[in-house]
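Structural overview
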Amino acid sequence: MSDVSAEITNWVAGVTGGQVKEIKLVSTGGRQGYRVDVEKEGKPLGLFMQQGRPPGTGQFSTVTREAEIFRALEAIGVTVPHVWGASEDYHVILLDRLEGGAWFQEPPDPQQRVTLAQAYISELAKWHSTPAADLALPSFKPIKTARAHQEDQLAGIRKVFQEEDAKKPLDALARVTLDYLEKQLPDYDGQAVLCQGDTGPGNFLYVGNKITGVIDWELAHIGDPMDDIAWLTWRATQHGFPDMPERLREYEKLSGIEVVPQRVYYYRVNACARLGPWFGLASMAPAPRSTEFAADNDRAVHGGQWVTGMLHRRMRLEALGQALGMDLPPRITEAPGAQGEHSNMYHGVLAQLQNAVGRIEDRLASGLIKGAARQVKYLKQVDLHGESFSRAELADISKLLGRTVSSFDEGRPALADAAREGKVSFEGYFLYHWNRMTRDDFLMREASGKMFERSWPKVK
């Protein structure tokens, strides 16, 4: 049985020298993956096949380059899956199938969390303590200094920003982001290392207290080790990672590399920029962005993408504000609200939805109900605070523009244009976005759950 073409099945047989028993599509992360069962010399062989990105997609590596990375890391003792083959014709990479699950949610046992985090730090230190020039990475040659590689990365970011600007004028926040990255490039000119580029929880597998493999190297590049540390703090914000300052002290001892906070702050902004000029920015278009859920994947169905999108807005503003040395006002954690005549109904509807989830075995149906519950929680807060928050935002816009505006359709685009043209100060425009974000974030605090409490972890 096979969920792929006969050509790919034959390719797997040729690469492994065995008989393909089954290739079955399985649920994975952002890329499609397949469980592959092969019989070789009378013994079962469990493999995993993952599709690569289409050629020329952003800054993602090709499957053959990703295979090269796995092989180089395996050679220095990093816990990664063994590579059987990679095909540019079929855009797939074939690996050993690893046991375990990914850390998208923190393990329930606190000691297990610490043990796994320490094990991951050991893996990270292992590949960082080996200079990139000493790794078998021919497609990454020539290996230059960390600063020179960051300059190359900035050239790619600038190209994407310019292409997007030609389609639609970039927001002032995006323009300041690129300006900051180019003008504040760290002075560090030490040895370059291999950076995973999406480093930390969610991109390693584990069983019990043991890491079974560090996975997903499609964003790997050569650069400053603090680039990876910044990504680690990113993934920790989304998925949790205990005692970050202590873990980074362990990293310093194991790798011999000092963690420099200002460089980490720089690469946090760089990580946001790598995801595009519009990533994490609130829409300033006339029509407010829809809060409807798509239903094309599990995270969308239960509202995870909606919640993560709100977190990303906060993370981008926090990262840029910290890097620029701005003193940001505290987030809203309490606000007075007027009870509406239907307020009590929200509690009843949520109770009914919660009761229904426990009675439904169908995964998709259960996810849809959870997504509906998130929306009800959000609507409950909008009913309490939406009107007063809207008045506050319109007042902020009016103050910056120096005239009264009565609608978002009028005010938001006008303010975005004024910021691009330098008619309002960047500090004032940034503060507008911060205040708007904190209000939207507060409206979603019940729907966000633990995500509402999370923020960039301290590094020292």
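See above for the structure.
Residues numbered from 1 in each chain as written. Predicted model: local features only at pLDDT ≥ 70, side-chain atom pairs only at ≥ 80, totals over all residues. Heavy atoms only, no water.

**Quick word on the overall build of the protein**
As a reminder, the rule being used: Helix and strand labels come from DSSP, where a helix needs a run of H or I of at least four residues and a strand needs a run of E of at least two; each type is numbered from the N terminus. Note on method: radius of gyration uses C-alpha positions; expected globular size equals 2.2 Å times residues raised to 0.38. For every residue, the accessible area obtained with a 1.4 Å probe (protein chains only) is divided by the maximum for its type, and the residue is called buried under 20%, exposed over 50%, and partly exposed between those limits. Residue contacts are defined here by distance: any two heavy atoms, one from each residue, within 4.5 Å place the two residues in contact. For the accessible areas, the method is Shrake-Rupley and the probe is 1.4 Å, while residue cover comes only from the protein chains on display. Here the positive residues are Lys and Arg and the negative ones are Asp and Glu; neither His nor the chain ends is included. Note on charges: their place is set at NZ of Lys, CZ of Arg, CG of Asp or CD of Glu.
Helix and strand counts for the protein come out as 15 helices and 10 strands. The globule rule puts the C-alpha radius of gyration for 460 residues at 23 Å, and the 24 Å found for the protein is close to it. Over its C-alpha atoms, taken along the principal directions, the protein stretches across nearly 75 × 60 × 45 Å. Across the 460 residues in the protein, those meeting the buried criterion constitute 49%. Within the protein, contacts between residues separated by at least 24 positions form 73% of all contacts whose residues are at least 6 apart in sequence. When the accessible area of the protein is evaluated, it comes to approximately 21,700 Å², of which 50% is carbon and sulfur surface. Positive and negative side-chain charges of the protein, numbering 54 and 60 respectively, have mean locations separated by a distance of 2 Å.

**Details of helix α1 (residues 6-16)**
The cut-off we apply is this: Here, the arc refers to the directions that run from the helix axis to the C-beta atoms.
Among the residues making up α1, those that are buried are I8, T9, W11, V12 and T16. Down the axis of α1, the smallest arc covering the buried residues is 160°, so these residues share one side. Turned more than 90 degrees away from the buried face of α1, the exposed residues are A6, N10 and G14. Those residues of α1 that are buried lie in contact with β1 (19-26), β2 (33-40), β3 (43-51), β4 (83-87) and β5 (92-96). Note on α1: the residue one or two positions beyond its end, G17, has a positive phi of about 70°.

**Topic: the nonpolar core**
Nonpolar side chains tend toward joint burial in soluble globular proteins. In plain terms, the rule: Residues belong to a common nonpolar core when they are buried Ala, Val, Leu, Ile, Met, Phe, Trp, Tyr or Cys residues joined through side-chain atoms within 4.5 Å.
Y120, W127, L194, W217, F241 and Y429 are the most contacted members of the largest nonpolar core, which totals 101 residues. Among residues more than four places away in sequence, those in contact with Y120 are W127, Q196, T199, G200, F204, I211, V214, L232 and F241.

**Quick word on the packing of helix α10 (residues 304-323) against helix α14 (residues 426-443)**
Going by this rule: For helices, the axis comes from a line fit to the C-alpha atoms of the stretch in contact; other axes are also lines fit to C-alpha atoms, and the angle between any two N-to-C directions lies between 0 and 180 degrees. Here the word oblique covers every angle except those under 35 degrees (roughly parallel), over 145 (roughly antiparallel) and from 65 to 115 (roughly perpendicular). Crossings are classed by handedness, with left-handed meaning an anticlockwise turn of the near helix from the far one by less than a right angle and right-handed meaning a clockwise turn. Amino acids outside the nonpolar list (Ala, Val, Leu, Ile, Met, Phe, Trp, Tyr, Cys, Pro) and the charged list (Asp, Glu, Lys, Arg) are all regarded as polar, and Gly is one of them.
Running from N to C, α10 and α14 cross one another at 150°; their axes reach a closest spacing of 10 Å. Judged by the angle between their axes, α10 and α14 are roughly antiparallel. Crossing hand, α10 versus α14: left-handed. Along its contact with α10, which presents M310, R313, R314, L317, E318, L320 and G321, the element α14 presents F426, F430, H433, W434, R436, M437, D440 and D441. When the residues that make up the contact of α10 with α14 are grouped by side-chain class, the tally is seven nonpolar, two polar and six charged.

**Examining the sheet that holds β1**
We count it as follows: Two strands make a pair as long as DSSP finds a minimum of two bridges between them.
With respect to topology, five strands assemble into an open sheet ordered β1-β2-β3-β5-β4, the strand pairing being antiparallel. At either end of the open sheet lies a strand with only one pairing partner, and these are β1 and β4. Strand after strand, the sheet turns through a mean of 20° between neighbouring axes, direction not considered. With four bridges connecting them, β4 and β5 associate as antiparallel partners. Its bridge partner being in β5, A86 is matched across the sheet by I93. Helix-sheet contacts for α1 involve β1, β2, β3, β4 and β5, and the interaxial angle to β4 is about 140°. Each of β4 and β5 touches helix α2 (residues 63-75); the most contacted strand, β4, lies at about 160° to it.

**Overview of the side chain of D198**
If you trace the backbone, D198 turns up in the loop between β7 (193-195) and β8 (204-207). Excluding anything up to four places from it in sequence, D198 contacts N203, L219, W231 and R235.

**Brief notes about the state of the cysteines**
Rules: Two cysteine sulfurs form a disulfide in these notes if their separation is within 2.5 Å.
All chains considered together, the criterion is met by zero disulfides. With no disulfide of its own, C195 has C272 as its nearest cysteine by sulfur position, at a separation of 16 Å. Classification of C195 as buried rests on a relative accessible area of 0%.

**Brief notes about the pairing of β2**
Bridge count for β1 against β2 is seven bridges, and the pairing is antiparallel. Bridged to E22 within β2 is D37. The pairing of β2 with β3 spans eight bridges and is classified as antiparallel. If you follow Y34 over to β3, its bridge partner there is M49.

**Describing the pattern of salt bridges**
Quick note on the threshold: Only one rule defines a salt bridge in this text: a Lys or Arg side-chain nitrogen within 4 Å of an Asp or Glu carboxyl oxygen.
Considering all chains together, one arrives at 31 salt bridges under this definition. Taking the shortest distance from any N to any O, the salt bridge between R412 and E393 comes out at 2.9 Å. Taken together, the residues span a long stretch of sequence, with R412 in helix α13 (residues 408-420) and E393 in helix α12 (residues 363-401) at a distance of 19 residues. When salt bridges that share partners are traced, they join R31, R53, E66, D216 and E218 into one network.

**Quick word on the environment of Q112**
The residue Q112 is located in helix α3 (residues 110-128) in this model. Placed 95 residues apart in sequence, Q112 and V207 show a C-alpha to C-alpha distance of 10 Å.

**Regarding the environment of L94**
Residue position: L94 is located in strand β5. Between the C-alpha atom of L94 and that of Y265, which follows or precedes it by 171 residues, the distance is 36 Å. With residues near it in sequence (within four places) discarded, L94 still touches W11, V12, V15, T16, V36, L47, F48, M49, H82, V83, W84 and G85.

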